[in-house]
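Survey of secondary and tertiary structure
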Amino acid sequence: MRRTVRFASLFMAIVMMFSLAVPGALAAGTAIDTTTASDGYFTVNYSAQENVKMKVGVTHGAQTAYYTYQPGDAAAYAFTEGDGDYTITLYRNTTGTKYKKVESTSVKVALTDEMAPYLVSTDEITFAADDAVGRTAVALCAGLTKDTDKIVAIHNYIAGRFTYDKAFGAQVAAGQIKNYVPDTNKTLASGTGVCYDFSALFAAMCRSQGVPCVIVRGYVNGSYHAWNMVYAEGAWQLVDMTREVSNRNAAATTLAACVTASDGYTVAA
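Throughout what follows, the structure given in this document is the object of discussion. (Residues numbered from 1 in each chain as written. Predicted model: local features only at pLDDT ≥ 70, side-chain atom pairs only at ≥ 80, totals over all residues. Heavy atoms only, no water.)

Brief notes about the packing of helix α1 (residues 132-140) against helix α5 (residues 195-208)
Across the interface, α1 lies against α5 with an axial gap of 9 Å and an inter-helix angle of 65 degrees. As α1 packs across α5, the resulting crossing turns out to be right-handed. Contact residues: α1 offers Val-133, Thr-136, Ala-137 and Leu-140, while α5 offers Leu-201, Ala-204, Met-205 and Ser-208. Per-class residue counts for the contact of α1 with α5 are six nonpolar, two polar and no charged. (Axes fitted to C-alpha atoms, helices over the stretch in contact; angles between N-to-C directions. Helix = DSSP H or I, 4+ residues; strand = E, 2+ residues; numbered from the N terminus. Left-handed = near helix turned anticlockwise from the far one by under 90°. Contact = heavy atoms within 4.5 Å. Nonpolar A, V, L, I, M, F, W, Y, C, P; charged D, E, K, R; others polar.)

Structural data, given as structure tokens:
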């Protein structure tokens, strides 16, 4: 059985709450770089009009995922649907909830490793060998060779040291916070966050140690939520770090003690 995971909700693959007006590109450009497609990702680097809100749309088949993009940043995004034909479009905000196409390109992706999209640093799952996230993961996993042991070490670290930011969570739930993208290094430094922050940090640390991991968005018993799927022992395992932080489950010794039953979890369509 193929190992590739295909979640429609990965990396904000949710129907966007805005309308896209695309009467034509503003100008030809090279903001979108797909030369790394075989490694599972592409990059966007657009420096013009840095005060404008922007989005990146990634279309694969009938599904389009939209991401918030900050002009001036070199941001990476994964080809989460594996091999196939993709269309990538960069949009800028014109007025209100309307966006206009800046640039678009198509690419046929043939991955060198089907797990590649789930191992790279992206705009929401950020890590580097020389940043705090990468260094912390190295320290936690020092001497560990099994993916399961690495997952347990990272799980216990987050579960035992972080707290849920109730005030910020309430703002998100009330719709006062929009287009939020987690900063893994800031989350690590602050020791606090919401479900999206914990999911991003867990995924970043796992990926930095060569363990495939993704963020999934959906609902838990009717409430909107974010959690992780991590690949270990030949299957994708559900890990809900918000639950683990809340329960202070920081003494797990096995993968099974880190995994959450999928009952009540529904991936957003």
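On we go from here.
What to know about unusual backbone geometry
A positive phi angle is found at Asn-221, which is not glycine, with a value near 50 degrees. The topology assignment puts Asn-221 in the loop between β11 (213-220) and β12 (223-232).

Some thoughts on the nonpolar core
Formed by 34 residues in total, the largest nonpolar core has its most connected members in Ile-158, Phe-162, Phe-202, Met-205 and Val-230. Ranked by residues supplied to this core, first place goes to α5 with 10 residues. Those residues within four positions of Ile-158 in sequence are excluded, and the remaining contacts are Leu-201, Phe-202, Met-241 and Val-245. Ala-31, Ala-37, Met-54 and Tyr-86 belong to the second largest nonpolar core, which has 22 residues in total. (Core = buried A, V, L, I, M, F, W, Y, C linked by side-chain atoms within 4.5 Å. Buried < 20%, exposed > 50% of the residue type's maximum accessible area, 1.4 Å probe, protein only.)

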